[in-house]
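# Structure assessment
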Amino acid sequence: MSASAVEVRDLRVELVGRDADIVDEISLEIRPGEVLGLVGESGSGKTTVGMALLGHVRRGGRVGAGAVLIDGRDLAQLDDAGLRGLRGGTVAYIPQDPGTSLNPALRLRLQLREMLDAHLGSQSEADRDARLRESLEEVALPSDDGFLARYPHQLSGGQQQRVAIAMAFACRPNVIVCDEPTTGLDVTTQARVLETVRDLCRSHNVAALYVSHDLAVVAELADRVAVMYAGRIVEAGTRDQLFYAARHPYTRRLLRAVPDLQGKRAVVGIPGFAPLPGKRPEWCFFEPRCPLATDVCRSAFPPAFEFEPDHRARCYHADEAPREVPVEGATAVRVEHEPELALAIRGLDAHYGARATLFGIDLEVHRHECLALVGESGSGKTTLARCVAGLHKDYTGSVCLGDDVLPPAARSRSDGARKQIQYVFQNPYASLNPRRTVGQTVARQLELFFPGHRDMGERVAECLERVALSASAAAAYPDELSGGERQRVAIARALAAEPAVMVCDEITSALDVSVQAAIIDLLRELRTSMGLSLLFITHNLALIRTIADRVAVMTEGRIVELGPTAQVLERPNAPYTQQLLANTPSIAAAG
Amino acid sequence: MRKLIWRRLALGLLTLWLISLIVFAAVLALPGDAATAILGREATPDRVAALRDQLNLNDSVISQYLQWIGGVLTGSFGESAATQQPVSELLSERVGNSLFLVLVASAVAIPLSIALGVWMAMRRDRAVDHVASTTTLVLAALPEFVIGIGLVLLFATSVFHWFPAVSLLAPGQRAWEVPDVVVLPAATLVLAVTPYISRIMRGSTIEVLESEYVTMARLKGLSERTVIWRHAVPNAIVPAIQVAALQLAWMAGGIVVVEFVFSYPGIGAALVDAVANQDMPVVQTVTMLAAGVYVLMNLIADLATILVTPKLRTAAR
Amino acid sequence: MSDHMIDTAVDLGLEAAVEPVGPGAILQRRPWLGILRNALRLARTKIGVAIVALIVAIALFGPLVAPHSPTEFIAAPNSGPSADALFGADALGRDVFSRFLNGGLSVLWMAAAATLIGVVSGVGIGLVAAYSRGWLDDVLMRGSDVVLAFPQIILALLAVSALGPKLWLIVIVVAVGHIPRVARVMRGAAQEVVERDFIKAAEAVGEKRSRIVFGELLPNVTSPLLVELGLRMTYSIALVAAVSFLGFGIQPPASDWGLMIYENRLSISVQVWSVLLPILAIGLLTVGTNLITDGIARAAIGIDRRSTR
């Protein structure tokens, strides 16, 4: 009979001064040694729940109702000193971005030591020193004085995160809250960090809450999973139950939006978006986007129905979910691509000042083909894309459009060349001018490449409709749109020029999984309807299954493997590709 | 890091050299002849010619510049056109007085504004913060002669009579021997400078208190005191250092007006007299000094920032 | 903190940088209009506008309602208030009140002219420097550093000592002093924008450089621009008045607030009003412009925050 390490009862966190909840009716339990994965997209409130376990609410919010019990003690009953003792000592936190969570002005030794001094003050100095070294050894970091004298900026991202993990486990807490700790790390480092977290949780019998938007990672790590949507937990159960027998329509749609590395199913997005705090109705939040919605869904928020022991979902129609016909597994759309070349890159060597970054790149993109360029950060894929678009002119070798060799700088290229190659950037928040309306941005593009007499408003409306945006969006400023909508505008802008080649630079990395799936859908359609060739850059191996015909794998400025998607992903030749595949988490592999 | 420091030094020297060119060129803009201006009514053609010779005014411009800059570097700044006294003699006493004034003002202003800034940040949005913020806003707006005369009206002539309105010193007497005389001028400088530094400190402290690493420090269960003094302040103080240095540099110009208000015998007042008399050697010297102080303070600010920021201190490049 | 923030912050206080206008801030079609509109919703801006309006009214309409001519001798020097002279007579025996009412115009026009010239030039230089990033940036910034090394008042005095107390000279030299300061701030602000992808997108389609600088870059730096405008106005007023106060501005017998203080400062213990009135006017004017500037800064930060999310 093990008591829960963590018990949350009906927790409500609301905005100060407004009658709007950030999260509400949150109830969960974590037993010692168990990992609970808390899954949700941006705005779901999962970080708020994580922080609540430490008794912390971000500025502007406060706990409205409910209780959080750690080892049976109610956090609300603790005074300041008690709360301080709890944080770090009983419940520890592993932050999302160690780069900003470690103090840039203090040495590592101090940042680690102060934790021990604050919570293990009763132990002797020698004991605390020993514990310090032990914690670093546990995360496979050196524990010598030289390393401890370093500042955070002198460590790599992976090392910083391991320091954060060492800090969290140093005082042997009973509970750990991990807030998406592997975001921003490349796949190999991520795999190692996850392994470390898992091993430490097991060896010290720690109850862990793992907050993440990445379902594949959660599948590999968690024992039990809870899914959050717009501030509520909509489904909770064991890992197997959730991933193989999900009941809530949102969970099921979410699972279908996650790209499948094995390629057995296509991705499907979820149209619409989740309601923000203050705009949530009295009834089911998912109803506007739900294929199973009926009148009863609009009456009141569904209570939790229990399907199997420990498996609950808040949906009136959860019974019917299994009856939905699954979408047949098709991977990339097989568009017959012609042997004619849209783009050819030959012998490209690029530099940043004195530093060489690309070595001998030879690549061809056929007409109507989608070629994916895959690699981790620093592999040079973005540099290559920029060279193609004329944004990086420090290179030797040639980039050919059709038969013509293009000058390196975009400014030196002909209007025709600039029209034919269009670039879509990764960050939709930065690639649109915030002081121009959507309509003005698209119109400018049309003016540049198709100066003409037809009514501009009409032409802009056409461009927007092409990317499934209503014509009324033309009057909106970028900050009034969601991330997915902004990215559609960026695509519309590129397509307004009617290019032959579109370079997509990690265009979905900054978007939620469901939005990403919708954009991929859109790209597939546009490829056929507009006869585009795509150069698709990404670090996500699973994603390319959904859209690419061929794949080029890059590392350290070189292409190490090139071939049809299925072949490269199922029978890779290069050791680097094999390693990459082995380290990529996937839902199927976890089962 | 060393490379960075050498670069800054070199840039500083380059700036100083360019400044000297501008200061020298100002003389060339004088309408009429410098010699005629000096002799005034006693200007006969012979005497003008003789003086021109003596002042090397017949040499080429470049040669004149080199002679002047050579003099500056060796400590001889020429002779005052008004009194024929060597400029260095004229200014040496006054430099001491001005330096004293600036030091007193800085010694009070800098710790005061930093403490005030942190204090305001920690009481953010409360009534005291609003009052303090408005006060600093008002003080920051007022020109320094308005503050100075305001203080004179309040504490010297019309409301209270605690301090002298004019800084009278007997010849040979130094400012620190008669501290009463320094109080109001220094107070003016303090009131002129504190608003800026304290507002920066407040803003930067608030920004740091909202940072991820301070939140993390709180989530580690550290006492609030440790969080503020060990984690927040070392980061928050960096912009304040830069601003403090800039304000010290500003004081090089600020003392001109302040000394004039109080007739304080410093180089600022000397400059105003020199301008009124078109006494170019004095004007040039004081201007070079002021600009030199500015360049020096900027250099110190840059160096201090590098020393205090581990990222810059340990940069390999 | 970036350098540009320090520069703006030096002048304004970072407080504004972290306290945006509350919910309901609207993003207008013309961003600068939106900022001004939001600024006017704040109490401090309204107070600032009221104060400035009052002083400007005195400066503009004062000459029309002055009871005496500003150069007429009407009483004994430094005499106190009487029926004829509301605030008494100044050190030479002229009516203090009339001289005061006539004394604002020169300060205002000189400050406004210097601000306009300085800000427009500074913005141009700053934006061009930020976008060119190469040798042009270096040259412009070195040049700025040299001018920056002169405290503004000393620069003015240097010019006056060489060329005499000419009004147009003062306007130009004050403007020249503003240019590098404005350029520094605008360059810092523009540098943060230049790195953003939408600028690269414009380059990728071959937009002309001038179009990028004035069409894409400039609308995104309207916030620091408006703040600098307000700030430089405050400083211009202070500088112009200070130069007059030292005796190098508009010359007697003309009437000017700074000059009034210069002329009457030695008799301050006997006749307070001849110094107090102009001091109050100058002080209130600068406080008013600074309140407006602070309001603009807060409104601007609020809008910028929303548009970069």
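Structure's up top.
My aim in this report is to walk through the structure given alongside it, one point at a time. (Residues numbered from 1 in each chain as written. Chains lettered and ligands numbered in written order. Predicted model: local features only at pLDDT ≥ 70, side-chain atom pairs only at ≥ 80, totals over all residues.)

## Side note on the overall build of chain A
Put simply, the rule reads: Comment: elements are numbered from the N terminus, with helices defined as DSSP H or I runs of at least four residues and strands as E runs of at least two. With C-alpha atoms as the basis for the radius of gyration, the globule rule is written as 2.2 Å multiplied by the number of residues raised to the power 0.38. Residues with at least 20 neighbouring C-beta atoms inside 10 Å of their own are called buried, those with 12 or fewer are called exposed, and the rest are partly exposed, where every C-beta is derived from the backbone. Residues are treated as contacting if the C-beta atoms built from their backbones sit within 7 Å of each other.
Counting its regular elements, chain A contains 21 helices and 22 strands. A compact globule built from 591 residues should have a C-alpha radius of gyration of about 25 Å, and chain A, at 26 Å, falls within 12% of that. Counting only C-alpha atoms and orienting by the principal axes, one finds that chain A spans roughly 75 × 65 × 45 Å. Within the span of chain A, comprising 591 residues, buried residues form 51% of the whole. Sequence separation of 24 or more characterises 69% of the internal contacts of chain A that already satisfy a separation of 6 or more.

## Observations regarding helix H4 (residues 43-65) of chain C
Residue and element names in this part refer to chain C. The criterion, for reference: One less than the residue count of a helix, multiplied by 1.5 Å, gives the span that helix is expected to have. Consider a residue and the seven residues that end there alongside the seven that start there; fitting an axis to each set, the bend is the angle between those axes.
An ideal rise of 1.5 Å per residue puts 33 Å on 23 residues; H4 measures up with 31 Å between its terminal C-alpha atoms. Of all the bends in H4, the greatest reaches close to 40° and is centred on Ala59; the proline Pro63 follows between one and four positions later. Residues of H4 that are buried: Thr45, Gly48, Ile55, Ile58, Ala59 and Gly62.

## Observations regarding the interface of chain B and chain C
Stated precisely, the cut-off is as follows: Just so you know the grouping, Ala, Val, Leu, Ile, Met, Phe, Trp, Tyr, Cys and Pro go in nonpolar, Asp, Glu, Lys and Arg go in charged, and all remaining residues, Gly too, go in polar.
Contact residues are listed per partner, giving 53 residues for chain B and 44 residues for chain C. In the side of chain B that touches chain C, the residues fall into 38 nonpolar, 12 polar and 3 charged.

## Structural notes on the interface of chain C and chain A
Every contact between the two is made by 18 residues of chain C and, on the other side, 21 residues of chain A. Secondary-structure elements contributing two or more residues to the side of chain C that touches chain A are helix H10 (197-204) and helix H14 (273-307) of chain C. The element contributing the most residues to the side of chain C that touches chain A is H10 of chain C, with 6 residues. Tallied by class, the residues present in the side of chain C that touches chain A amount to 7 nonpolar, 4 polar and 7 charged.

## With respect to the sheet that holds strand S4 (residues 61-70) of chain A
All names here are of chain A. This is how the line gets drawn: Note on pairing: DSSP must find at least two bridges between two strands before they are called paired.
If you trace the 4 strands from one edge of the open sheet to the other, you get S2-S1-S4-S5, paired in antiparallel fashion. In this open sheet, the two strands that pair with only one neighbour each are strand S2 (21-30) and strand S5 (73-74). The pairing of strand S1 (residues 6-15) with S4 spans 8 bridges and is classified as antiparallel. Residue pairing for S4: Leu15 is matched across the bridge by Gly61.

## Focus on the environment of Tyr93 of chain A
The residue Tyr93 of chain A is located in strand S6 (residues 91-94) in this model. In this structure Tyr93 of chain A comes out as buried when scored by C-beta crowding, with 28 C-beta atoms within 10 Å. Those residues within four positions of Tyr93 of chain A in sequence are excluded, and the remaining contacts are Leu54, Ala168 and Val177 of chain A together with Leu219 of chain B.

## Points about unusual backbone geometry
Going from Pro252 of chain C to Pro253 of chain C, the amide bond is cis rather than trans, its omega being 5°. The topology assignment puts Pro253 of chain C in the loop between helix H12 (222-245) and helix H13 (257-264). Its identity is not glycine, yet Glu180 of chain A carries a phi of approximately 45°, on the positive side. Of note, Glu180 of chain A is situated in the loop between strand S7 (175-179) and helix H8 (187-203). Within the chain, Ser263 of chain B stands out as a residue other than glycine whose phi angle is a positive 50°. Along the chain, Ser263 of chain B falls in the loop between helix H10 (224-262) and helix H11 (267-276).

## Topic: the packing of helix H14 (residues 438-449) of chain A against helix H15 (residues 456-466) of chain A
Residue and element names in this part refer to chain A. For the record, the criterion: Axis angles are defined between N-to-C directions and span 0 to 180 degrees, where every axis is a line fitted to C-alpha atoms and, for a helix, only to the segment in contact. If an angle is under 35 degrees, it is roughly parallel; if it is over 145, roughly antiparallel; if it lies from 65 to 115, roughly perpendicular; otherwise it is oblique.
Two elements in contact, H14 and H15, have axes separated by 9 Å at closest approach and are oriented at 105°. The angle between H14 and H15 places the two elements in the roughly perpendicular class. The segment H14 lies against H15, with Gly439, Val442, Ala443 and Leu446 engaging Met456, Arg459, Val460, Cys463 and Leu464. In terms of residue class, the contact of H14 with H15 is built from 7 nonpolar, 1 polar and 1 charged.

## What about the sheet that holds strand S17 (residues 404-405) of chain A?
All names here are of chain A. What the 4 strands build is an open sheet, ordered S14-S13-S16-S17; its pairing is antiparallel. Unpaired on one side and paired on the other, strand S14 (355-366) and S17 mark the two borders of the sheet. Of the pairings in the sheet, the one linking strand S16 (residues 395-401) to S17 comprises 2 bridges and is antiparallel in character. Following the sheet pairing, Leu401 is matched in S17 by Asp404. The strands that helix H12 (residues 381-389) touches are strand S13 (341-352), S14 and S16; relative to S13, the one it contacts most, it runs at about 120°.

## Some remarks on the pairing of S6 of chain A
Residues and elements named next belong to chain A. Going residue by residue along S6, you find Val91 and Tyr93 tucked away on one face and Ala92 and Ile94 tucked away on the opposite face as well. Where S6 and S7 come together, 4 bridges link them in parallel fashion. Each bridged residue has a counterpart across the sheet, and for Ile94 the counterpart in S7 is Cys178.

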